[in-house]
Amino acid sequence: MSKFSGNGTNWNEFQWERELRREDRRIHCYFRELSCCLDLPGEEGMIYEQLAAHPGMVPAGSDPGHWRMWDYLDLEPEDESAAADDRRRRKPGEELIEQIDKIAAGWNMLFALRLRESLREEGLAVGCAIGKLLGRLGDFVDIDEKKMLALKLCLGKRALQDLNDLSMRLDRIAAAQQSLAGDAAYLGEALRQMRERLFDLLTGLRGGK
């Protein structure tokens, strides 16, 4: 965790948002380089070299394959007893992860069985947006607000943006294929309820500051 000044525990929301945007750029650059190096011998090292040539794309002192900022955050329980307690105790927001997982399953069924061929690209984008939201919510739920409240708030706000983006993508597909309008509306209502729940969680976190 020495990669971040003060381990990030004293960072404010602005500092974390800046780091998250930097992380977005790293991911974008990684996948851009991956398309050129895929399946080549030593592809990870090749990508690392390409990213290292651009300032800020690789955290200082990191090695190939260990570039994500999450590698330096202590998000895991410290011992087995803590892990057992963690499994018995539901964390606030876990129901959001369960809900988006159900939405993913529902969308995959629609994509495979009913989505028109001409909308396949947009359908894949919806699947990617769901996966992105699932990962974001997982990070949001796992982070201990007592240790990194500012980071948790940043991730929660980004998850709200992801929910809005996903809703808009579903609306566009429903407009293009009317036969999916009812299903898209059902999924959209689930997303609306998730948004309200997440907003309440963020409000509670700010109230406890």
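Residues numbered from 1 in each chain as written. Predicted model: local features only at pLDDT ≥ 70, side-chain atom pairs only at ≥ 80, totals over all residues. Heavy atoms only, no water.

A. Summary view of the overall build of the protein chain. Looking only at helices and strands, the protein chain features seven helices and zero strands. Across the 209 residues of the protein chain, 38% fall into the buried class. Summarising the internal contacts of the protein chain: among those between residues at least 6 apart in sequence, 69% fall at separations of at least 24. Split by element, the accessible area of the protein chain, about 12300 Å² in all, is 53% carbon and sulfur. (Helix = DSSP H or I, 4+ residues; strand = E, 2+ residues; numbered from the N terminus. Buried < 20%, exposed > 50% of the residue type's maximum accessible area, 1.4 Å probe, protein only. Contact = heavy atoms within 4.5 Å. Areas by Shrake-Rupley, 256 points an atom, 1.4 Å probe, with all protein chains shown as cover.)

B. Local environment of the packing of aromatic side chains. Inspection of the entire model under this criterion finds one aromatic pair. Between Trp11 and Trp16, the ring centres sit 4.7 Å apart and the planes meet at 55 degrees, which makes this aromatic pair tilted. The ring of Phe140 carries Lys152 above its face, with NZ or CZ at 4.7 Å from the centroid. (Phe/Tyr/Trp six-rings, centres within 6.5 Å; stacked < 30°, edge-to-face > 60°. Lys NZ or Arg CZ within 6 Å of the ring centre and 35° of its normal.)

C. Inspection of the confidence of the model for the protein chain at higher detail. Averaged over every residue, the pLDDT of the protein chain is 80; the share at 70 or more is 66%. The spread of mean pLDDT over the elements of the protein chain runs between helix 3 (residues 80-88), the lowest at 56, and helix 6 (residues 145-176), the highest at 95. When the criterion is pLDDT under 50, residues 1-6 qualifies, and its contacts beyond four places in sequence or with other chains add up to 14 contacts. Below pLDDT 50 for its whole length, residues 64-76 participates in 41 contacts with residues either more than four positions away or in separate chains. (pLDDT = per-residue confidence, 0-100.)

D. Local environment of the nonpolar core. Counting residues in each nonpolar core, the largest one holds 42 residues, and the members touching the most others are Ile100, Trp107, Leu166 and Leu198. Elements with a minimum of two residues in this core: helix 1 (13-37), helix 4 (94-113), helix 5 (120-142), helix 6 and helix 7 (181-207). Not counting the four nearest positions on each side in its chain, Leu198 is found in contact with Leu96, Leu137, Phe140, Gly156, Ala159, Leu160 and Leu163. (Core = buried A, V, L, I, M, F, W, Y, C linked by side-chain atoms within 4.5 Å.)

E. A look at helix 6. Where helix 6 bends most, at Leu151, the angle is about 50 degrees. The backbone nitrogen of Lys146 has a side-chain oxygen 2.9 Å away, supplied by the residue at the start of helix 6, namely Asp144. (Bend = angle between axes of the 7 residues up to and from the residue. Polar contact = N/O pair within 3.5 Å; in protein donor to acceptor, adjacent residues only side chain to side chain.)

F. Expanded view of helix 7. Taking 1.5 Å of rise per residue, 27 residues should cover 39 Å, and helix 7 covers 38 Å from first to last C-alpha, within 8% of that figure. Looking at helix 7, one finds that the buried residues are Ala184, Leu187, Ala190, Leu191, Met194, Leu198, Leu201, Leu202 and Leu205. Its buried side turned inward, helix 7 meets helix 4, helix 5 and helix 6. (Expected span 1.5 Å × (residues − 1).)

G. Seen up close, the pattern of salt bridges. Evaluation of the coordinates by the stated rule reveals 17 salt bridges. Its salt-bridge partner being Arg90, residue Glu98 comes within 2.8 Å of it at the nearest N-O pair. The salt bridge involving Lys132 is made with Asp162; its shortest N-O contact spans 3.7 Å. Placement of the pair is Lys132 in helix 5 and Asp162 in helix 6, with a sequence separation of 30 residues. On the basis of relative accessibility, which here comes to 48%, the residue Lys132 falls in the partly exposed class. Within the structure, one salt-bridge network assembled from shared partners comprises Glu17, Arg21, Asp24 and Arg158. (Salt bridge = Lys/Arg side-chain N within 4 Å of Asp/Glu carboxyl O.)

H. The environment of Gly135, seen in detail. The topology assignment puts Gly135 in helix 5. Between the C-alpha atom of Gly135 and that of Ile97, which follows or precedes it by 38 residues, the distance is 8.8 Å.

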